[in-house]
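Below, each chain spelled out in residue letters.
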Amino acid sequence: MKLLRNIVDSIRPHFGKGGKFAKFHRSFEAFDTFLFVQGNVTRRGSHIRDAIDMKRTMFFVIIALVPTLLFGMWNVGYQHYMAIGADVSFIDQIVYGLIKVLPIVVVSYASGLAVEFLFAELRDHEVNEGFLVSGMLIPLVLPVTTPLWMVAVATIFAVIIGKEVFGGTGMNILNPALLARAFLFFAYPAYMSGEVWISGTAEQLDGISGATSLAVLASNEGHMLPSLFDMFIGTIPGSIGETSTLAIILGASILVATGVGSLRIMLSVVAGGLFMGGVFNLFAVNDFMAVPAYYHLVMGGFAFGAVYMATDPVTASQTGIGKYIYGVMIGVITVLIRVVNPAYPEGMMLAILFMNVFAPLIDHYVVQSNIKRRLRRPVKAQVTI
Amino acid sequence: MEELVNIFVKSIFIDNMIFAYFLGMCSYLAVSRTVDTSVGLGFAVIFVLGITVPINYLLEAHILGKGALIWLGPQFADVNLSFLTFIMFIAIIAAMVQLVEMIIEKFSPTLYSSLGIFLPLIAVNCAILGGSLFMQERNFGNISEAISFGLGSGVGWFLAIAGIAAIREKIRYSNVPAPLRGLGITFIITGLMGIAFMSFMGIEL
């Protein structure tokens with residue numbers, strides 16, 4: 001540790017004013033603060049003294065994402081070998097998943113961080129930590145068959161249009177990871193929907209396909225649905241990170257325990273989904289409506305979105321009551337889109353984006369009503385006297 | 001009844017005036033700086049659309065359309081006044097906007113002064129005329145459908161301008177690149193909101 005600190009300190013002068021690499025001092029700063037907690041603090045404005053800064057906060061989210069990532073890797077291998085009918089060991093499945101998933105993670109981080117560093121140098125702001133999380137979320141919400149160049153294009157689009165034009169981390173209105181997915185979803189629909197979810201190498205079989213549980217329901221074949229247990233554990237086809245509700249609950253407990261993710265939002269999303277699912281159960285004219293409401297929680301990206309996407313502290317509602325409204329609306333709209341909209345079997349992504357757009361409006365009215373209520377207080381007190 | 005609800009929901013979310021047809025962009029971009037003003041303008045648009053679409057529907061059905069004048073007598077069966085459509089629609093809209101202006105000036109002078117020139121300009125807001133022309137194009141069966149369509153379109157426009165106004169208030173202190181400040185970033189936000197509204201495209205009601 002000491003050695004690393006010394007190395008960083010010894011090359012610091014080169015990045016200072018007049019040094020050889022003065023142009024790159026933002027990049028240097030980023031690596032420095034990534035490795036060590038800063039000794040100096042903000043120069044202006046009020047701040048709270050705390051051992052945890054934004055880089056560490058973001059790191060907790062990454063730790064919370066590890067269970068889903070590991071499970072996702074294994075599941076990719078498991079689905080692949082099951083589809084070709086080979087009986088191989090656990091290690092082989094993991095290795096296959098690693099070979100498939102790791103390049104996507106690397107491409108997402110490399111392209112996104114390249115844009116981040118470029119903007120930090122050009123606009124002379126600090127390198128934003130937020131991308132550490134977005135760069136991990138983007139691979140997890142993509143199907144494993146997504147070509148790498150698409151991952152790069154979507155990441156760059158999301159970072160520039162979704163975040164940097166607003167001034168970087170903390171200023172964006174839409175979740176960058178979801179924006180990347182939405183970009184691919186609308187720009188290359190053939191790759192993102194349909195039934196090309198299971199990975200298959202081109203020389204073996206041309207596109208081994210398996211329908212996701214939502215696609216099964218959308219085509220009204222409810223009896224083909226995997227068992228509730230399988231969907232909960234996550235041994236089903238789907239995007240890399242979304243399949244295992246178990247791993248996601250593990251991550252959620254880390255987020256809630258460390259105070260990084262908002263339990264209010266997670267619970268109200270679940271409540272909204274259950275409510276809407278229950279309403280559709282009353283009608284139950286097709287398989288999608290008849291499926292028990294709690295099935296919606298374990299199918300598709302519902303759990304993943306509720307835990308990692310909806311709770312994004314930047315794009316979610318900031319006020320307490322606002323968080324309940326925001327969460328419930330996400331749950332309701334998700335199930336609504338899933339069941340009612342024939343164009344998209346999955347609604348989580350679009351529901352969260354939709355509520356991201358309206359989160360500032362919800363906050364505005366919650367704050368206004370609080371102001372009104374507090375203005376009335378002294379008047380009331382006088383009357384009682 | 002179900003048909004009315006369908007038309008209403010469809011015109012709010014699926015055929016949204018802003019995000020599906022890009023109508024009424026001028027006041028949407030210009031007045032969306034604060035939530036309160038844009039909510040005021042939004043209500044004015046709901047009111048004007050909710051009144052003009054059904055009135056224009058009656059005009060279309062009983063005076064302007066081909067053979068609509070038949071109630072005057074059988075010799076009018078071949079009269080087709082549809083070449084007057086635009087001018088009649090605009091006249092109705094302008095009259096209604098005058099009415100709204102008088103009401104707002106009377107009851108909320110602050111809103112009246114903050115809306116400024118954009119209040120009378122509702123008369124030439126493309127969303128309003130667009131509403132009447134869509135009504136004509138879609139051949140609604142009766143006047144309640146036209147009312148439901150007019151109100152729905154207005155609510156959709158209201159949601160759009162209220163949403164973007166809240167976002168613009170939120171990003172007021174953001175470090176937006178200098179060339180994009182103001183209208184530039186507003187266009188980008190509108191595009192991003194459009195992506196979010198695409199969640200409802202394809203729903204068949």
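Residues numbered from 1 in each chain as written. Chains lettered and ligands numbered in written order. Predicted model: local features only at pLDDT ≥ 70, side-chain atom pairs only at ≥ 80, totals over all residues. Heavy atoms only, no water.

This paragraph deals with the overall build of chain A. Across its full length, chain A carries 17 helices and zero strands. Relative to its 385 residues, chain A shows a buried fraction of 51%. Counting only contacts in chain A whose residues sit at least 6 apart along the sequence, the fraction spanning at least 24 positions is 71%. Here chain A displays about 18000 Å² of accessible surface, and carbon together with sulfur accounts for 68% of that area. (Helix = DSSP H or I, 4+ residues; strand = E, 2+ residues; numbered from the N terminus. Buried < 20%, exposed > 50% of the residue type's maximum accessible area, 1.4 Å probe, protein only. Contact = heavy atoms within 4.5 Å. Areas by Shrake-Rupley, 256 points an atom, 1.4 Å probe, with all protein chains shown as cover.)

Before going further, it helps to examine the overall build of chain B. Along the backbone of chain B there are eight helices and zero strands. Secondary structure elements of chain B, listed N to C terminal, follow the sequence α-α-α-α-α-α-α-α. The globule rule puts the C-alpha radius of gyration for 205 residues at 17 Å, and the 19 Å found for chain B is close to it. Overall, chain B is about 70 × 40 × 30 Å in size when its C-alpha atoms are taken along their principal axes. (Rg over C-alpha atoms; globule rule 2.2 N^0.38 Å.)

Right, let's talk about helix H11 (residues 245–258) of chain A for a bit. Residues and elements named next belong to chain A. An ideal rise of 1.5 Å per residue puts 20 Å on 14 residues; H11 measures up with 20 Å between its terminal C-alpha atoms. For H11, the complete set of buried residues consists of Thr245, Ala247, Ile248, Gly251, Ala252 and Leu255. All buried residues of H11 lie within an arc of 155° about the axis, which places them on one face of the element. The inward-facing, buried residues of H11 contact helix H3 (54–84), helix H10 (228–233), helix H12 (263–283), helix H14 (295–298) and helix H15 (302–309). Positive phi shows up at Gly259, right after H11, with a value of about 75°. (Expected span 1.5 Å × (residues − 1). Arc of directions from axis to C-beta.)

This brings us to the pattern of salt bridges. All names here are of chain B. Under the criterion given, the structure shown has three salt bridges over all chains. With its nearest N and O atoms 3.9 Å apart, the salt bridge here joins Lys10 to Asp15. In this structure Lys10 comes out as partly exposed when scored by relative accessible area, which is 32%. Since its relative accessible area comes to 15%, Asp15 is described here as buried. A salt bridge links Arg138 to Asp15; the nearest nitrogen and oxygen atoms lie 3.7 Å apart. Here the residue Arg138 occupies a position in helix H6 (residues 126–138), and Asp15 occupies one in the loop between helix H1 (2–14) and helix H2 (25–30), the gap between them amounting to 123 residues. Through salt bridges that share partners, Lys10, Asp15 and Arg138 make up one connected network. (Salt bridge = Lys/Arg side-chain N within 4 Å of Asp/Glu carboxyl O.)

Facing 30 residues of chain A, the contacting portion of chain B comprises 32 residues. Interface of chain A and chain B: buried area, both sides summed, is about 2700 Å²; carbon and sulfur atoms make up 75% of it. Along the contact surface separating chain A from chain B lie two residue pairs in polar contact (both at pLDDT 80 or more). Looking at the side of chain A that touches chain B, the elements that each hand over two or more residues are helix H7 (176–187), helix H16 (320–340) and helix H17 (348–384) of chain A. When residues of the side of chain A that touches chain B are assigned to their parent elements, the largest contribution, nine residues, is made by H17(A). Tallied by class, the residues present in the side of chain A that touches chain B amount to 24 nonpolar, four polar and two charged. (Buried area = accessible area lost by both parts, 1.4 Å probe. Polar contact = N/O pair within 3.5 Å; in protein donor to acceptor, adjacent residues only side chain to side chain. Nonpolar A, V, L, I, M, F, W, Y, C, P; charged D, E, K, R; others polar.)

Tallying each qualifying case throughout the model produces zero disulfides over all chains. Between Cys26(B), a cysteine without a disulfide, and Cys126(B), which holds the nearest cysteine sulfur, the sulfur-to-sulfur distance is 4.6 Å. (Disulfide = S-S within 2.5 Å.)

Right, let's talk about the confidence of the model for chain B for a bit. Residues and elements named next belong to chain B. Looking at chain B as a whole, its pLDDT mean stands at 86, while 99% of the residues score no less than 70. Mean pLDDT per element in chain B: helix H5 (residues 109–115) is the minimum at 82, and helix H7 (residues 143–170) is the maximum at 92. Among the scores for the predicted complex, ipTM is 0.86 and pTM is 0.85. (pLDDT = per-residue confidence, 0-100.)

Here we come to a positive patch on the surface. Judged by side-chain charge, Lys372(A), Arg373(A), Arg374(A), Arg376(A) and Arg377(A) come together as a positively charged surface patch. Inspection of the secondary structure puts Arg376(A) in helix H17. (Patch = residues over 30% accessible without salt bridge, like charges linked within 9 Å, V, L, I, M, F, W, Y side chains within 5 Å. Lys, Arg positive; Asp, Glu negative; His and termini not counted. Charge placed at Lys NZ, Arg CZ, Asp CG, Glu CD.)

Moving on to the packing of aromatic side chains. If you walk through the whole model with that rule in mind, you get 18 aromatic pairs over all chains. With centroids separated by 6.1 Å and ring planes inclined at 70°, the aromatic side chains of Phe358(A) and Phe197(B) adopt a geometry described as edge-to-face. One end of the pair, Phe358(A), is in helix H17; the other, Phe197(B), is in helix H8 (residues 183–197), on a second chain. Grouping residues by exposure puts Phe358(A) and Phe197(B) together as buried. Lying across the ring of Phe134(B), Arg138(B) places its NZ or CZ 4.9 Å from the centre. (Phe/Tyr/Trp six-rings, centres within 6.5 Å; stacked < 30°, edge-to-face > 60°. Lys NZ or Arg CZ within 6 Å of the ring centre and 35° of its normal.)

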